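Each chain, written out:
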Amino acid sequence: MSRRWFITGGTPGNFGMAFADAALEAGDRVTITSRRPQELAEWADQYGDRVLVVPLELTDAAQVRRAVLTAEERFGGIDVLVNNAGRGWYGSIEGMDDSALRAMFELNFFAVLSVTRAVLPGMRARGNGWIVNVSSVAGLVSAPGFGYYSATKFAVEAVTDALRVEVAGQGISVLAVEPGAFRTNAYSGFANEPVAEPISEYHDMLEQVRATFVEMDGVQPGDPHRGARAVIAAMAQDPPPRRLVLGNGGYEAVIDELEQTLAELRRNETLSRSADFPD
């Protein structure tokens, strides 16, 4: 039976489009949201009435509710939600512009919540559905110079884990996806953006972070279409995984981080256990 997808953040050459293509290859129907829907018009035309492109400013909760309603009316419901939209920027924890970091949370975290909360009533009423939250390797391994982006994704991870348990009894499945470096247009803006860091002590670190992104732009090892197909394969597993890291580099970084964390916790087991009242 064909599934009805609702995918946020449709921009040519990014993960949202890869998810849409993979779903359409499988014979499914897709609603995709975009801030610039005209960019998707030609792509959408080839799929006829199997694709609905909805203009959406994700940080506007009322617009989000209308977009979800439009998709439900068009296709009769939403079977798979992919919260894909997000954006990252660099800056130090001490010095990053306050409005920039709040804007990042609005898009990467609060918008994910508003879309999820708009889609859940329909899924609960039908007793099934999938929520796929696109996090990042940075949601499991915090990145210096990218700490606030990591914070938004750590927050997505926490909400995803709690939600998974809360909705399991309603027949709804929840998956977190953590891509590493993928060949999308995500890094393309970094070349034109100088480091705007007010605190000189952090300049060298941020220049290095920026240089790494600029250098990797267009040669990232991850293939978004293979990534999207891996997610669909994970959703078909019984039971499906709780999270799926995508890409070799990402997989190695996450495993390394978790093993180091576990080793450190165990080294301090005696101290940890000493904090309770004695028996």
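Everything here concerns the structure above.
Reading the values: rules and limits
- Residues numbered from 1 in each chain as written.
- Predicted model: local features only at pLDDT ≥ 70, side-chain atom pairs only at ≥ 80, totals over all residues.
- Heavy atoms only, no water.
- Axes fitted to C-alpha atoms, helices over the stretch in contact; angles between N-to-C directions.
- Helix = DSSP H or I, 4+ residues; strand = E, 2+ residues; numbered from the N terminus.
- Parallel < 35°, antiparallel > 145°, perpendicular 65-115°, else oblique.
- Left-handed = near helix turned anticlockwise from the far one by under 90°.
- Contact = heavy atoms within 4.5 Å.
- Nonpolar A, V, L, I, M, F, W, Y, C, P; charged D, E, K, R; others polar.
- 1 Å grid on protein atoms, 1.4 Å probe; cavity = no way out; pocket = protein on both sides within 12 Å on 5 of 7 lines; lining within 4 Å.
- Points joined across faces, edges and corners; volume = space filled by probe spheres on them.

(A) Layout of the packing of helix 1 (residues 15–25) against helix 7 (residues 224–235). At a closest axis distance of 8 Å, the pairing of helix 1 and helix 7 adopts a crossing angle of 55°. The pairing of helix 1 with helix 7 is recorded here as oblique in orientation. With respect to the hand of their crossing, helix 1 and helix 7 are arranged in right-handed fashion. Between helix 1 and helix 7, the residues in contact are Phe15, Ala18, Phe19, Asp21, Ala22, Ala23 and Glu25 and Pro224, His225, Gly227, Ala228, Arg229, Val231 and Ile232, respectively. Among the residues forming the contact of helix 1 with helix 7, the class breakdown is 9 nonpolar, 2 polar and 3 charged.

(B) Local environment of the layout of surface pockets. Approximately 370 Å³ is the volume attributed to the second largest pocket. If you go around the second largest pocket, you meet 20 residues; those closest to its centre are Arg87, Trp89, Tyr90, Met96 and Ala100. By residue number, the principal contributor to the lining of the second largest pocket is helix 4 (residues 98–126), which donates 5 residues. Of the residues contributing to the lining of the second largest pocket, the split by class is 12 nonpolar, 4 polar and 4 charged.

(C) Summary view of the packing of helix 4 against helix 5 (residues 147–167). Taken N-terminus to C-terminus, the directions of helix 4 and helix 5 make an angle of 15°; their axes are 8 Å apart at the nearest point. Put simply, helix 4 runs roughly parallel to helix 5. The two elements helix 4 and helix 5 meet at a crossing, and its hand is right-handed. Here Leu101, Met104, Phe105, Asn108, Phe109, Leu113, Thr116 and Leu120 of helix 4 come into contact with helix 5, specifically with Tyr148, Tyr149, Ala151, Thr152, Ala155, Val156, Val159, Leu163 and Val167. When the residues that make up the contact of helix 4 with helix 5 are grouped by side-chain class, the tally is 14 nonpolar, 3 polar and no charged.

(D) Region of the structure containing the environment of alanine 168. Positionally, alanine 168 belongs in the loop between helix 5 and strand 6 (172–179). Note: C-alpha distance between alanine 168 and proline 12 (156 residues apart in sequence) is 34 Å.

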